[in-house]
Amino acid sequence: MSNTDEYSEDRKKINSLFLLPLALIFTNPLLLNLCRDFFVRYFRPVPVGWFLFFAISFVSFLFLYGYCFAVSGYINDLLESRASVKGAVPLIVSAVLLMYMIYNYSEFYALGFDAMIKQQSGRIYLAFLNLLLVVLWYFVVSTIINRFWISTTLFCSVMIGFSFANVQKIQYRNEPIIYPDLAMVKSLPEIVKMVNVQLVILMLIVILGLLVLSFFLQKKFLKGKLFKIVPRILVLSLSGILLWQFSVVENQMNLNAWLNKKNDTSNPISNMIVTAGYTAHPENLGHNAQAYGPALVFTSTQIIKTMDRPARYSRATVNKVVSKYERLATRINKTRRNNNLNKQTVIYILSESYADPRRVPSVKLSSDPIPYMESLKSKNTSGLMFSSGYGGGTANIEFEALTSLSMNNFDPSLVTPYVFLVPRVNNLPVITDLFAHKNAIHPYQSTTYDRGKVFKKFGFQTFHTLDNKNIEYKSKLGKSEYVDDQSAFEQTIKQIHSVKGGQFIQLSTMQNHMPYIKGTYEQNDFNVKANLYSYSINQIESYTQGIHYTDAALKKFISKVDKMKKHVTIVFYGDHLPGIYSGNAVSGKNAATVQGKLHQTDYFIHSNFATHGIKNTNVVSPNMFTPMVMEKLNEKVSPYYALLTAVQQKVPAAELNKYMKKNGQLIVKKNLSKKAKIILRDYKLIQYDITAGKQYSLKTKNFVK
């Protein structure tokens, strides 16, 4: 047999290998539904649509078959060491398409393929836009490295790792990986511990092996450069410009959605995205990523802004607002008797993921897991806390509670103030300003969310964490990876006794952190019935057992505090719901109606001595805790806290650009009273001045303290 015949025979064998994936492509229900819906919906009469559908499907089959034939030839040339760099083109196309499909499917890993079909059928233009972004990412990598094997393997490795991280974050926080998450690389060792460590290690070994193999292949096959100097510069520049423009446009679309404004379609990219059917939902990135594609959502979070400059912002305007609340502070202080908050012991307890599961629609428990919490709430200032997070966002809620600044006022792209705001802004108002002694406890690592640096800047004198090795009590329950609440409360009791006078203590617990794996605890006393997925119900049962243990630990803690001679006030709140509620009761047509329920946690304010009552406490946001504490303790206020007192009296609950009524129902800003809108405008002006402006207000003596 001649060499030509052998070559032809080998090529046929390789070409036959491509028939199976080709068959899979054309029997893919997602593709079939997309094409059928597109042609039948947009072409009339219907038979014309069906004709075009079959005609284009046939032509596409021929094209893909020809593509497979070409690829098989290039692979054969590769094996015969006859390939040029041009032969890499079909391999690049195959790799990019595969990575796009893996990345897109990572959004639906827990829900299944059927869910992806239901969500994305009919969104063919959006699919192309997401694919375009993935292609541009590849161009950036390939033009920088300019070698086929190394750049393609690196790109695929990053995309696979990225998709894996996406699956994990969606599972536990109901939110996709976004650009600001890349800043969490310092906390990667702690984050990895929250998922399957063995799987992560295995994946890293495989990726490392592939990278090593790519260097070997680069020396053997397709050795040349992918681009010459001029095309290389042009492709890199054009890719970078397009990615930047997508980021700018989508960031503006997020802001427009936040402010209920129409999008400007004069920009060609904006027009293209809007025409494709994309609608920004910055408050629900999980929905966006599933409905419109993860690449578009990731790109929409690449530009980070603090706040837009208010139209009336100036030194004169700020001074006018400051004077207004100086007068209000004077009026409030006429009825306030105390000016000794520094002599009190005030404790803020952020209870990780604490929220009564029975508020979630359809969830029924076999018995009451938190009887003590309910009795505490009935006897104290208490209610529901409107949380900006679901399944995550702990640091943001903690930031609001400590600074009394509102996430609702920031640009939606500022997803983590600890990481993107605190390092570059001095003189943020913090409750620690009001105390001589201030100490923090977090029975975990100080590196998470850069808390170590943030708390130092906030003036905390000690930060008790595991990596700082100054946590004395660190018992764990069952197979849990986290220090239990009983130990966290014991550490807090010790801290109370360590200071003779008053102090401020920030405790952020870890016991009820995800994952919620059945079998974590030695026993499980609670059965759950709900219109949710079975895996969700299993997680709820494990989670419920955890908050039951919190209830028991809380009872012991409060009992000890109540016996103290010191005046102690405790603000206890859940930061957000755990991201474990998945199924019919919270999705589809029910999603809009349960949105408020999935952002309501429990809180109470308890003192071991007689205090004043407070109004408007049924539903509050975490930034309202400090003015509430000052009112409860009958403490005099500064102009800053007079402003916050006014906000608390008129609009006590505001997050996600929504406002919550006393009954927990969401309302929009236009339905607020005129006086409430004026107070919110003043609040936003002062917050801009402090965080993004010239800090004119802080130059006024005693504005904050």
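Everything quoted here is computed from the prediction, not taken from an experiment.

1. Regarding the environment of Ala 291
Part 1: Relative to the helices and strands, Ala 291 resides in helix H13 (residues 285-292).
Part 2: Judged by relative accessible area, Ala 291 falls into the buried class, the value being 3%.
Part 3: Between the alpha carbons of Ala 291 and Tyr 278 there is a distance of 8.6 Å; along the sequence they are 13 residues apart.

2. Description of a positive patch on the surface
Part 1: Side chains of Arg 327, Arg 331, Lys 334, Lys 650 and Lys 675 sit close together on the surface and give a patch of like positive charge.
Part 2: You can call Lys 675 exposed: its relative accessible area is 53%.

3. Re the sheet that holds strand E12 (residues 658-660)
Part 1: Spatially, the 3 strands line up as an open sheet ordered E11-E12-E13, and their pairing is antiparallel. On the outer flanks of this sheet lie strand E11 (654-655) and strand E13 (666-667), each paired with one strand and no other.
Part 2: Both E12 and E13 contribute to a ladder of 2 bridges, which runs antiparallel. From the neighbouring strand, Met 660 faces E13, where its bridge partner is Leu 666.

4. Concerning helix H15 (residues 315-333)
Part 1: Here H15 is 19 residues long and its end C-alpha atoms lie 26 Å apart, about the 27 Å a rise of 1.5 Å per residue gives.
Part 2: What H15 keeps buried is the set Thr 317, Val 318, Val 321, Val 322, Tyr 325, Leu 328, Ala 329, Ile 332 and Asn 333. Buried residues in H15, looked at end-on, bunch into an arc of 135°, giving them a common side. Across H15 from its buried face, at more than 90 degrees, point the exposed residues Ala 316, Lys 320 and Arg 331.
Part 3: The elements touched by buried residues of H15 are helix H24 (639-650) and helix H25 (674-691).

5. Some thoughts on the environment of Trp 258
Part 1: Position of Trp 258 among the secondary structure elements: in helix H11 (residues 229-259).
Part 2: Separated by 400 residues in sequence, Trp 258 and Lys 658 place their C-alpha atoms 9.4 Å apart.

6. Looking at unusual backbone geometry
Phi is mostly negative for residues that are not glycine, and the peptide bonds are mostly trans.
Part 1: Geometrically, the link from Met 514 to Pro 515 is a cis peptide bond, its omega value of 5° lying close to zero.
Part 2: Within the secondary structure layout, Pro 515 lies in the loop between strand E6 (503-508) and strand E7 (528-529).
Part 3: The residue Ser 404 is not glycine, and still its phi comes out positive at about 65°.
Part 4: For Ser 404, the location among the structural elements is in the loop between helix H17 (394-403) and helix H18 (417-420).
Part 5: Classification of Ser 404 as buried rests on a relative accessible area of 0%.
Part 6: For Asn 702, which is not glycine, the phi dihedral falls at a positive 60°.
Part 7: Mapped onto the fold, Asn 702 is located in the segment after H25.

7. A closer look at the nonpolar core
Part 1: Counting 79 residues, the largest nonpolar core has Tyr 348, Leu 402, Tyr 418 and Phe 458 as its most contacted members.
Part 2: The contact partners of Tyr 348, leaving out residues within four places of it in the chain, are Ala 401, Leu 402, Ile 431, Phe 504, Ile 505, Gln 506, Leu 507, Val 571, Phe 625, Thr 626 and Val 629.
Part 3: Counting 45 residues, the second-largest nonpolar core is a separate cluster that includes Ile 496, Ile 537, Tyr 543 and Tyr 581.

8. Overview of the pairing of strand E8 (residues 568-574)
Part 1: Of all 7 residues making up E8, 7 are buried, and the element is well covered by its neighbours.
Part 2: Side-chain alternation along E8 places Val 568, Ile 570, Phe 572 and Gly 574 on one buried face and Thr 569, Val 571 and Tyr 573 on a second face that is also buried.
Part 3: Direction of pairing for strand E1 (residues 345-351) relative to E8: parallel, over a ladder of 7 bridges. When the sheet's bridge partners are listed, Ile 347 is paired in E8 with Ile 570.
Part 4: Sheet analysis places E8 next to strand E9 (residues 600-607), joined by 5 bridges and oriented antiparallel. Looking across to E9, one finds that Thr 569 is bridged to Ser 607.

9. With respect to helix H23 (residues 625-632)
Part 1: Most of H23 sits inside the fold, with 8 of its 8 residues counted as buried.
Part 2: All of the buried residues along H23 are Phe 625, Thr 626, Pro 627, Met 628, Val 629, Met 630, Glu 631 and Lys 632.
Part 3: Count one or two residues on from H23 and you reach Asn 634, which has phi positive near 60°.

Reading guide: rules and limits
- Numbers given to residues run from 1 along each chain, matching the order in which its sequence is written.
- Restriction of local features to residues with pLDDT of at least 70 applies here, the model being predicted, together with a cutoff of 80 or more for giving and counting side-chain atom pairs; totals for whole chains, interfaces and linings are based on all residues.
- No hydrogens and no water enter the side-chain calculation; it runs on all heavy atoms of the structure.
- We count a stretch as a helix when DSSP gives it H or I for four or more residues in a row; a strand needs E for two or more, and each element gets its number in order from the N terminus.
- With a 1.4 Å probe rolled over the protein chains alone, any residue whose accessible area is under 20% of its type maximum counts as buried; one over 50% counts as exposed, and the rest are partly exposed.
- Here a patch means residues that are over 30% exposed by relative accessible area and free of salt bridges, tied together within 9 Å if like-charged and within 5 Å if nonpolar (Val, Leu, Ile, Met, Phe, Trp, Tyr).
- Here the open area of atoms and residues is found with the Shrake-Rupley method and a 1.4 Å probe, where only the protein chains shown may cover a residue.
- What makes a salt bridge here is a side-chain nitrogen of Lys or Arg within 4 Å of a carboxyl oxygen of Asp or Glu, nothing more.
- Positive charges come from Lys and Arg alone, negative charges from Asp and Glu alone, with His and the N- and C-terminal ends not counted.
- For charged residues, the charge sits on one atom: NZ in Lys, CZ in Arg, CG in Asp, CD in Glu.
- The rule for pairing is simple: two strands pair if DSSP sees at least two bridges between them.
- Multiplying 1.5 Å by the residue count of a helix minus one yields the expected span of that helix.
- This arc is taken over the directions from the axis of the helix to the C-beta atoms.
- Residue contacts are defined here by distance: any two heavy atoms, one from each residue, within 4.5 Å place the two residues in contact.
- Side-chain atoms within 4.5 Å are what join buried Ala, Val, Leu, Ile, Met, Phe, Trp, Tyr and Cys residues into a set we call a nonpolar core.

Any functional reading would require information beyond the geometric quantities listed.
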